[in-house]
Amino acid sequence: KVKKAMIRKREAVKAGKELWSKKVPHWLKVVDGKIVTIPKNVAVVRKVFSWAASGLSPTQIAFRLNKEGQRSFSKSQSLWSHRLSANLLGSKAVIGSLVFTRPAEKGEAAGRRRRIEVDEVTNYYPAVITPEEWAKTRQVISARTTGKGRTSPKFHNLFTKVAFDRATEEPIYTISYTRKRGGITHYMPKGVRLGARKGKWWNGQQLEALFLETCSAALAVEGKLDEVEGQLALTEQKLE
């Protein structure tokens, strides 16, 4: 009976005859049966999406908001966190959509909350972000949240979310051998690390030393490209 009543109410909401609930996102409020915006909170939402579109992560966004002294929308905590900013960036309410979900069943692919979208009512809320801004932000977030290597409390992967195998585009993982084998850490593609295929691997100490040395050399010649290019041309002549 409850399920049938909820279905009837959902149809009434889709027809615009009533509100689903008086509980709305924190940048909105209900006045005389209508949903309206809260300007100061809308400004924060737009700022968050602007920062995300420029490439900032949820953690960096939370850090900036806290530095500015901006209180979070949560009633239970005043500071912004990775979770709060990530949830805001994943909410379709900013583009005016009310999304209905259900618990994921066994075997169904679902996100962290284990919920499956079953229906969506567009233009239910006042939109504070355009569909174009939403799409751009989601594209940036999807490009950033790639797979990463396995982390360890004893060793940090220097190339997490940075280095990928050129041939397979797999993320670079690490593996640390025991002291009996010298205690050396090696970098290798995900497929090689998990035993899915054979491939190359690199000594961690040697690779890191070479990488940092290359970065130092690049910084040393920054702004001196003309001189470096001249030296390169001279060297090529000598080689010929």
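Only a predicted model underlies this, so the values are computations on that prediction, with no experimental measurement involved.

Engineer: I keep staring at the nonpolar core and nothing clicks. Help me out?
Structural biologist: If you look at soluble globular proteins, the nonpolar side chains tend to sit buried side by side. Core analysis: the biggest nonpolar cluster contains 33 residues, and Trp27, Val45, Leu88 and Val94 have the highest contact counts within it. For this core, the elements supplying multiple residues, two or more each, are helix H2 (39-53), helix H3 (58-67), helix H4 (82-89), strand E3 (98-103) and helix H5 (131-144). A per-element tally of this core places H2 first, with 7 residues. Apart from residues no more than four positions distant in its own chain, Val94 is found in contact with Trp27, Val45, Phe49, Leu88, Ala127, Val128, Ile129 and Trp134.

Engineer: Looking at this model, I keep getting lost on the pattern of salt bridges. Mind explaining?
Structural biologist: A side chain with one charge can pair with a side chain of the opposite charge if their charged atoms come near. Across all of its chains, the model carries 2 salt bridges by this definition. For Lys47, the salt bridge goes to Glu68, with nearest N and O atoms at 3.0 Å. Highlighted residues: Lys47 in helix H2 and Glu68 in the loop between H3 and H4, separated in sequence by 21 residues. Assessed through its relative accessible area of 30%, Lys47 is described here as partly exposed. The residue Glu120 makes a salt bridge to Lys92 at a minimum N-O spacing of 3.3 Å. One end of the pair, Glu120, is in strand E4 (residues 115-121); the other, Lys92, is in the loop between H4 and E3, and 28 residues separate them in sequence. When its relative accessible area of 24% is taken as the criterion, Lys92 is described as partly exposed.

Engineer: Looking at this structure, how should I read the side chain of Ser72?
Structural biologist: Relative to the elements of secondary structure, Ser72 occurs in the loop between H3 and H4. Within the structure, Ser72 has its side chain in polar contact with the backbone nitrogen of Ser74 (distance 3.3 Å). Look past the residues within four positions of Ser72 in its chain and what remains in contact with it is Gln77, Ser78, Leu79, Trp80 and Leu84.

Engineer: Sorry if this is basic, but what is going on with the confidence of the model for the protein here?
Structural biologist: In low-pLDDT segments, the atomic positions of the prediction should not be examined closely. On average, residues of the protein score 81 in pLDDT, and 85% of them are at 70 or above. Element-level pLDDT for the protein is lowest in helix H6 (residues 190-193), with a mean of 78, against a maximum mean of 92 in H2. A low-confidence stretch, residues 147-152 (pLDDT under 50), is modelled with 12 contacts involving residues beyond four sequence positions or located in other chains.

Engineer: What exactly am I supposed to notice about the sheet that holds strand E7 (residues 202-203) here?
Structural biologist: The pairing of strands in a sheet comes from backbone hydrogen bonds and takes either a parallel or an antiparallel form. In spatial order, the strands read E5-E6-E7; together these 3 strands make up an open sheet with antiparallel pairing. For this open sheet the edge positions go to strand E5 (172-176) and E7, each flanked by a neighbour on one side alone. Taken together, the 2 bridges between strand E6 (residues 185-189) and E7 define a ladder with antiparallel strand orientation. Among the inter-strand pairings, His186 is bridged to a residue of E7, identified as Asn203.

Engineer: Sorry if this is basic, but what is going on with H4 here?
Structural biologist: Where H4 is concerned, the buried positions are Leu84, Ser85, Leu88 and Leu89. Projected onto a plane normal to the axis of H4, the buried residues spread over an arc of 130° and lie on a single side.

Engineer: Can you help me understand the packing of aromatic side chains in this one?
Structural biologist: Between two aromatic rings, the relevant description is the distance of the centres plus the angle of the planes. Applying the stated rule across the entire model yields 6 aromatic pairs. A centroid spacing of 4.7 Å and a plane angle of 80° characterise the contact between Trp20 and Phe100, whose relative ring orientation is edge-to-face. Residue Trp20 is located in the loop between helix H1 (2-14) and strand E1 (28-31), and its partner Phe100 is located in strand E3; the two are separated by 80 residues in the primary sequence. With a centroid separation of 4.7 Å and an interplanar angle of 80°, the aromatic rings of Tyr124 and Tyr125 are classed as edge-to-face. Taking the relative accessible area as the measure of exposure, Tyr124 reaches 14% and is therefore buried. Accessibility expressed as a relative area gives 11% for Tyr125, which makes it buried. A network of ring pairs unites the aromatic residues Phe159, Tyr187 and Phe211 as a single cluster.

What counts as what
- Residues numbered from 1 in each chain as written.
- Predicted model: local features only at pLDDT ≥ 70, side-chain atom pairs only at ≥ 80, totals over all residues.
- Heavy atoms only, no water.
- Core = buried A, V, L, I, M, F, W, Y, C linked by side-chain atoms within 4.5 Å.
- Buried < 20%, exposed > 50% of the residue type's maximum accessible area, 1.4 Å probe, protein only.
- Helix = DSSP H or I, 4+ residues; strand = E, 2+ residues; numbered from the N terminus.
- Contact = heavy atoms within 4.5 Å.
- Salt bridge = Lys/Arg side-chain N within 4 Å of Asp/Glu carboxyl O.
- Polar contact = N/O pair within 3.5 Å; in protein donor to acceptor, adjacent residues only side chain to side chain.
- pLDDT = per-residue confidence, 0-100.
- Pairing = 2+ DSSP bridges.
- Arc of directions from axis to C-beta.
- Phe/Tyr/Trp six-rings, centres within 6.5 Å; stacked < 30°, edge-to-face > 60°.

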